[in-house]
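# Tertiary structure, described
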Amino acid sequence: MATAAAHTAVLPRAPRRLQSFFHYYPRAAAVAASIFGLIVLLGGLLNIVAITRLSAPSPVTVPNSAFMGVLAGVSLFLLASAQWGRGARVAGRTVAAILALMLLATLVEYVTGVDLGLDHWLADVEHAPWPVGRPSPYTVAAYLLVSSALLLGERKSRRGRYFADYLAVAAAAFAMAALLGFLFGVEAHVVPYVGMSPTTVLISLAVSIGILGLHVEDGLISIVLAPDAGGVVARRLLVGLVLFPPVAAILILGARFQLYALPLAAALTLLFALAESSVFILNTARRLSMIDAVQRELTEDLQRSEARVRLLVEEAKDGIFLADLDGKYIEVNPAACELSGYTREQLLGMTIADLAAPEERSKLAEERANIIAGKTSRREWRLRRADGSMIEVEVVANVLPDRRWQAFVRDITERKRHARLLADALAAERALRADLEAVDRAREVVTEAAAELRGADIDPVLAQIAEQARALTNATYAAVGIGGDESRPFEHWATSGMSAETQAAIGRPPRSVGMLAHASRSLEPLRVREITEHPAFIGLPPNHPELHSFLAVSIRQRGEVVGNIFLANKRDSAEFTDRDERLAGLLADGVALVIETARSYAWLQSIVDQLPDGVMIVGEHRQVFAINRAMRGMARDPGVTNGDAFANPALFEACTATGELIPHEDLPLPRVLRTGETVTNEELCLRQPDGTLLPVEARAVPLRGERGRPADAVAVVHNIAERKETERLREEWIALVAHDLRQPVQAIMLSFDMLFEHANEQDRALLMRVRTAAYHLNRLVGDLLDAARITAGRLAVECTYGNITTIVKEAIDLCHLTNRDIDIVLDAPPEQLAWVDPERIQQVLGNLLSNAAKYRTPDTPVRVHVHVPEPKTVLVCVCNEGPPLDPDDLAGLFGRFARTRTARGKHGIGLGLYISKGLVEAHGGRIWAESSGGVTKFYFTLQVPEIPPPRVVPKRSRPPAS
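Residues numbered from 1 in each chain as written. Predicted model: local features only at pLDDT ≥ 70, side-chain atom pairs only at ≥ 80, totals over all residues. Heavy atoms only, no water.

Take the overall build of the protein chain next. When helices and strands are tallied, the protein chain shows 29 helices and 23 strands. By the burial criterion, 41% of the 962 residues in the protein chain qualify as buried. Here the analysis covers contacts within the protein chain between residues at least 6 apart in sequence; of these, 60% occur between residues at least 24 apart. As displayed, the protein chain has an accessible area near 51200 Å², and 58% of this comes from carbon and sulfur atoms. (Helix = DSSP H or I, 4+ residues; strand = E, 2+ residues; numbered from the N terminus. Buried < 20%, exposed > 50% of the residue type's maximum accessible area, 1.4 Å probe, protein only. Contact = heavy atoms within 4.5 Å. Areas by Shrake-Rupley, 256 points an atom, 1.4 Å probe, with all protein chains shown as cover.)

Shown next, in the form of structure tokens:
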């Protein structure tokens, strides 16, 4: 590893610089060629007479050649400006087409001898020894290659090479040959007037190299820019190729200016070529040897890394399967064998389809196509084990760079079972809530009807009860009967669903006989599918509609049946369901109070006893004159029945969820009598005879007397133990999910450490983003676990004597790591002892400092104060300047998943302050917030030890008693 790191400097670094050069070169070359051509064109026009006096080809470009060079440069510039859009490319090819037409016309003039007048466009001089404006055939050939390359643009050969690159190389070769011919004077002695002037050569070379620069990624230039050994060789030799022509030109020009003999120039040129090639060959070989050594070292590191990876795969808890693209398994780990029930040898002879459930095999083709396309698949499947059983698994699959299919398989059978149980519990809770809400609405309707009647007549109230029962159960007919026996009709009888004509045809109310008597004598609901088949059925009165399905629930008082709700003919089913029975029973229980109140105030106590919720009615002087059985069942001593419940704590002991006794004046009923305000949905706990705490939800309302003053008060207490248990199951599920997330997060961070060690600079930037995401995910998982512990009451702290000032300074230093530009001002004594768990208090301070930094006004400091406002208490304050918090936001600021209005657009899930509150309270302190005048302050308190601590103090969960 050290050798590889030491040799990293020898790896090729030129491609990036060359690639950047060739990205910008085409337009620069085009501009240079165009300007150079324009200068030559203008200069040639001004000195045309001097040009015609020459007796040999001019070293200066003729006007037409210069104009063609300008066209070539303009075309290259437009094609190189791809970001300008399609218009620039079309304009570039149009200019190239004009250049090609001019060149073809000039070629026709040479071949046919016909003068098309092109030579006189830019120059018309009589008696010139050759056509002054006509480029030489050599120039025409070079420019024709350039224009063809510009026209072909992105066309490729079957091997994927650009035709334009080859044409540009050919044009550059023409230009170099012409330059050498000019230097050696060949064109003047072999074939007259076929050479190219040096200016035309430079223009041709610039445009040709610019065309090569158009295809940096996959053209011929990409061979030179390759980071492999071939690219190194090409770049090394290319340097020699570029250096040789200028040196050779200088040596030969010296001979032409008769500074020394031409043979000497040729010998010096050959000597330079040999020396240059030797240096570059040796230097290239040395660099390749160093690269080869680095590659060997990297190969060894890779082998060691693969060995570690294989060990991790073998020890992995999840099943890991490797297969070819045809789906045949080629490698599995022990966890995969344990998961599937097959041995390794058996699995290696199987395919993916062999383990898939039959009904899911049709999805494999689509999944294979997605994975081959480079997508990562994450979905749930049913896996067939060796014993034929099916298990539910989660599969994460993708294709490796070596074209192998890789899958991580995790057994989620237990997790799915828990999820189904939770879903069933939630569905049951939602259904129960919906049923209760429906029954509550029905009760409200009945209660309003009773209130309007004010006890004048009970039959309309019963009719409303029958109508609500029929609506709740979707029955065709409903009836409510109160009192009565076999000898006489029901005392009160009301129906719903029958027309007035039908009721008139039936006549008087029925007697309690047959099915009605059988239902009246039973405390349990009576439900039958076909009433005519029941033994107690004795027929129906004349003119009575036919009845089939039947349901009867009793209205009870003190355990005795005082009436019944009868339902018949379920409209959407052949018989009534358990839910119908439950709804009708709840309605019967709920309306019992209304019925008895309407019949007689003397029945108040007995009717209240039938309510499923606890009910207590107290007078203005707090004397209890009504308490139902459900409420008495919640008492600490159910046998106590006398006296004022609030004056006798032996009957009820109200506590908080943590077991702290609630003061008498803070209970719902005393508050209602004191303030006259309604208390709704207040949660508290009642201590039971065995010492356990029963969670309840209390509602208390005042009963107004004369002049509107509260005379009496009524409290309704609902047992929410089942709901709390459901919430606890949900919290355990959240904690289970968060716990299961820990392992993959740790695997991600472990993989990051391994990959980061061998990654290049570009890959390390990507891996750092992965590490940041994994860090945030790990912190989120930790917050979820802490929130679950707080909700479950299992959050523990390990406290000891500590210097709170030191802890605050460390928290500030940690905050600076993620918020470098924040200014935090600390006001604290050098040493202040407190009873703390340092790590947990740092977590609290980290949350408060992070919030202050997030919501502060820019360029304002965050201030932290530590002082002792009273003995035994340390007060820590974190304040920032910024938008004030609304009073509504302050009320629920420390709730779970609480988010204020100002938090919109900010990252976070609303657990930081909730966890901070739990941690501070676990220390025996309290936390609160204040916001006014553009300043928001968060306070929390800690306990101060009374006795100076010794040098070594063991960790304890609570401070010692004073």
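Next, the rest of the story.
Let's shift gears to the pattern of salt bridges. For the coordinates displayed, the defined rule picks out 19 salt bridges. For Glu-392, the salt bridge goes to Arg-420, with nearest N and O atoms at 3.1 Å. You can see Glu-392 sitting in strand 4 (residues 390-399) and its partner Arg-420 sitting in helix 16 (residues 413-453), a full 28 residues away along the chain. For the salt bridge of Arg-527 with Glu-581, the shortest nitrogen-to-oxygen distance reads 3.8 Å. Highlighted residues: Arg-527 in strand 8 (residues 526-528) and Glu-581 in helix 20 (residues 578-599), separated in sequence by 54 residues. Judged by relative accessible area, Arg-527 falls into the partly exposed class, the value being 31%. One continuous salt-bridge network, built from bridges that share partners, spans Arg-527, Asp-578 and Glu-581. (Salt bridge = Lys/Arg side-chain N within 4 Å of Asp/Glu carboxyl O.)

All right, on to the sheet that holds strand 21 (residues 873-881) then. The mixed open sheet is built from 5 strands, whose spatial order is 18-20-21-23-22. Strands at the two margins of the open sheet, each flanked by one partner only, are strand 18 (824-827) and strand 22 (927-932). Averaged over all pairs of adjacent strands, the angle between their axes in this sheet comes to 20°, without regard to strand direction. Pairing of strand 22 with strand 23 (residues 935-943) involves 6 bridges; the strand directions are antiparallel. Bridge pairing links Ser-931 to Thr-936 in strand 23. (Pairing = 2+ DSSP bridges. Axes fitted to C-alpha atoms, helices over the stretch in contact; angles between N-to-C directions.)

As a general point, the strands of a sheet are linked pairwise by backbone hydrogen bonds and lie either parallel or antiparallel. Strand order across the open sheet formed by 5 strands is 2-1-5-4-3, with antiparallel pairing between neighbours. Taken across any chain shown, the strands that pair with only one partner, and hence form the sheet edges, are strand 2 (329-332) and strand 3 (377-384). Going across the sheet, the axis of each strand differs from the next one's by a mean of 30°, ignoring polarity. Bridge count between strand 1 (residues 319-323) and strand 2: 3 bridges; the pairing is antiparallel. Its bridge partner being in strand 2, Ala-323 is matched across the sheet by Tyr-329. Most of the contacts of helix 15 (residues 364-372) go to strand 3, to which it runs at about 145°, and overall it touches strand 3, strand 4 and strand 5 (405-411).

All right, on to the side chain of Asp-165 then. Within the secondary structure, Asp-165 sits in helix 7 (residues 163-184). Apart from residues no more than four positions distant in its own chain, Asp-165 is found in contact with Ile-211, Leu-212, His-215, Gly-219 and Leu-220.

Here helix 5 (residues 86-112) crosses helix 6 (residues 137-152) at 150°, and the two axes come no closer than 9 Å. Taken together, the axes of helix 5 and helix 6 lie roughly antiparallel to each other. As for the relative orientation of helix 5 and helix 6, their crossing is left-handed in sense. Side by side, helix 5 and helix 6 meet where Arg-93, Ala-96, Ala-97, Leu-99, Ala-100, Leu-103, Leu-104, Thr-106, Leu-107 and Tyr-110 of the first sit next to Pro-137, Val-140, Tyr-143, Leu-144, Ser-147, Leu-150 and Leu-151 of the second. (Parallel < 35°, antiparallel > 145°, perpendicular 65-115°, else oblique. Left-handed = near helix turned anticlockwise from the far one by under 90°.)

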